[in-house]
Amino acid sequence: MLDCGLNFSSNESLRKFPRLDTLGFNLNELDAIVLSHAHLDHTGFLPTLFKFGFDGPVYCSDPTLPLMYILQTEYLRNVGSDTPFSAKDIEQVITHTFPLSFDIVTDISPDIKLTLCNAGHILGSALVHLHIGNGDHNLLYTGDLRYAKGEQLDNAVWNFPRVETIVIESTYGDKDAFPRREVADNLLINEIDDTISKGGSVLLPVPTIGLAQELMLSIKRHIQAGKITASKMLVERVISEVCSIYEIFPEYLSRELGKKILNLEKPFQDEFVIVDYMTLDKTSAIIFSPSSMLVGGPSVNYLEQISDNPLNKVILTAYQADGTPGRLLQNGVREISICGKVIKIKCQVQTIEGLSTHSDHSQTVAYVSKLRNKLRRILVNQGEKSSAHALASSLNRNFKILTQHPTVQESLKLV
């Protein structure tokens, strides 16, 4: 099994959880689970498998193990009794997980060899390369992919000797191209500085891992350069816990950031104030807090506190899934219901694209282009229907390779 996550954009169990009721699926016949990275839409249902009786091995990169423990534990803390697993189930995940280094070949069954390589998305995010049989077939599963260099990670790896089938994400499959990074950075600088200079506060709802650290590094650099008015930078506790994992694994980061950490610099500690569901005062602040889509967690607490002041601002930089409070805000809705509370939005709302830790359409096409001479089939997944279809059509048209977007419960034979 490749990844085992939760769908946060739905409250319906048939859409929220993996379809383990699929005909022919038997948990006892599952040899192993391979995780691409720690985000809960890729690992959030994993403890439930152990609750149901799975006791086999789980493979992931070295940083993914502590990161998914933090996220699963935080999810349990926020959701409580509505969570389909317990702390004991999380412990089962940890004791059955085998962390692996990048670029090391590992036998995970008698006929499958696994290699994990940098996917460029978050710390420890991995491209999963499976060498099947005696070289009969080679499958590459991208998980979440970023084929562009960012503040914290290098480009996704592409130089595999053989790949016959690729399973590739399509989160931004219908987004032709993000704005250039410098354009997005300038917009971020202007939006934050405009708010802080007028006495307002800025809420940045971000994923706990990846974009949070990307924006922390970027905004800190802009404040030091005098481009953003100096202000308190409040970082929610769980993000700070993740930052400590970054400092343990500098070899997984970009050369520049890894070198700073090895030289005992503290890029995620200096100038940041750690908070935990804080009650804000009247002074201006820049707040980094999950969840990114405002479906729950401390970001909802901060939204409630800043929502009635027109001087304050919410800046959405992460992907907002259809049906989430974040998507409603993007679409102009100014009275939203979250966790049973109705919040009237009088503060400003701004969306900035180009800062994502995913690839846009053109970057994804460029990545596939690097592999096209080896590919026989492309499978597009993880995207809203329109995004997946847009990417699949484009890849098929550009490369004349069999490209499919499998539906839920559809099965395909590769060999």
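Structure's up top.
These numbers were taken from a predicted model, which means no experiment stands behind them.

A.B. asks: So what exactly am I meant to see when it comes to the overall build of the protein here?
C.D. replies: In terms of regular secondary structure, the protein is built from 13 helices and 18 strands. Its C-alpha atoms give the protein a radius of gyration of 21 Å, within 12% of the compact-globule value 22 Å for 415 residues. Its C-alpha atoms put the protein at 65 × 45 × 45 Å along the principal axes. Classification of the 415 residues of the protein by burial places 56% in the buried group. As presented, the protein carries roughly 18000 Å² of accessible surface, and 50% of it is formed by carbon and sulfur atoms.

A.B. asks: How should the side chain of Thr-97 be read in this particular structure?
C.D. replies: Mapped onto the fold, Thr-97 is located in strand 3 (residues 97-100). On the basis of relative accessibility, which here comes to 8%, the residue Thr-97 falls in the buried class. Here the side chain of Thr-97 touches Val-93 through a polar contact of 2.6 Å, landing on its backbone oxygen. Once residues within four sequence positions are removed from consideration, Thr-97 is found in contact with Val-58, Cys-60, Leu-65 and Met-68.

A.B. asks: Just to check I follow, could you spell out the nonpolar core for this structure?
C.D. replies: As a rule of thumb, soluble globular proteins bury nonpolar side chains together. Counting residues in each nonpolar core, the largest one holds 81 residues, and the members touching the most others are Leu-46, Ile-219 and Phe-288. Setting aside anything within four residues of it in sequence, one finds Phe-288 in contact with Leu-204, Val-206, Ala-212, Leu-215, Met-216, Ile-219, Met-233, Leu-234, Val-235, Glu-236, Ile-239 and Phe-272. By size, the runner-up hydrophobic cluster in this structure holds 24 residues, among which are Phe-160, Leu-375, Val-380 and Leu-395.

A.B. asks: Teacher, can you tell me more about the sheet that holds strand 7 (residues 137-141) here?
C.D. replies: As a general point, the strands of a sheet are linked pairwise by backbone hydrogen bonds and lie either parallel or antiparallel. Taken in spatial order, the seven strands line up as 4-5-6-7-8-17-18 in an open sheet, and their pairing is mixed. Because the sheet does not close on itself, it has two edges, and the strands there are strand 4 (106-109) and strand 18 (402-404). Shown here is a sheet whose adjacent strand axes are inclined to one another by a mean of 20°, direction ignored. Here strand 7 runs beside strand 8 (residues 165-169); their pairing, made up of three bridges, is parallel. For Leu-139, the partnering residue across the bridge sits in strand 8 and is Thr-165. Sheet strands in contact with helix 12 (residues 361-371) are strand 6 (126-132), strand 7, strand 8 and strand 17 (377-381), and its direction is about 170° off that of strand 8. Set on the sheet, helix 13 (residues 385-399) makes contact with strand 8, strand 17 and strand 18; between it and strand 17 the angle comes to about 165°.

A.B. asks: I would appreciate a short explanation of the side chain of Glu-191 in the present structure.
C.D. replies: Here Glu-191 is to be found in helix 6 (residues 181-197). For Glu-191, a relative accessible area of 15% corresponds to the buried category.

What counts and what doesn't
- Per chain, residue numbering runs from 1 following the sequence as it is written.
- This being a predicted model, a pLDDT of at least 70 is required before a residue's local features are given, and a value of 80 or more before pairs of side-chain atoms are given or counted; all residues contribute to the totals for chains, interfaces and linings.
- Side-chain metrics in this entry use all non-hydrogen atoms of the structure; hydrogen atoms and water are not considered.
- Runs of E in the DSSP output that reach at least two residues are strands. Runs of H or I that reach at least four are helices, and both are numbered from the N terminus.
- The reference for a compact globule is 2.2 Å times residues^0.38; the radius of gyration itself is calculated from the C-alpha atoms.
- We call a residue buried when its accessible area falls under 20% of the maximum for its residue type, exposed when it is over 50%, and partly exposed in between, using a 1.4 Å probe and counting protein chains only.
- For the accessible areas, the method is Shrake-Rupley and the probe is 1.4 Å, while residue cover comes only from the protein chains on display.
- Whenever a nitrogen or oxygen atom comes within 3.5 Å of another N or O atom, the pair is scored as a polar contact, on the condition that within protein one atom can donate a hydrogen and the other can accept it, and that pairs from neighbouring residues in sequence are kept only if both atoms are in side chains.
- Every residue pair with non-hydrogen atoms within 4.5 Å of one another is taken to be in contact.
- Put simply, a nonpolar core is a bunch of buried Ala, Val, Leu, Ile, Met, Phe, Trp, Tyr and Cys residues held in one set by side-chain atoms that sit within 4.5 Å of each other.
- When DSSP finds two or more bridges between two strands, those strands count as paired.
- Whenever a helix is involved, its axis is fitted only over the stretch in contact; in every case the axis is a line through C-alpha atoms, and angles between N-to-C directions fall within 0 to 180 degrees.

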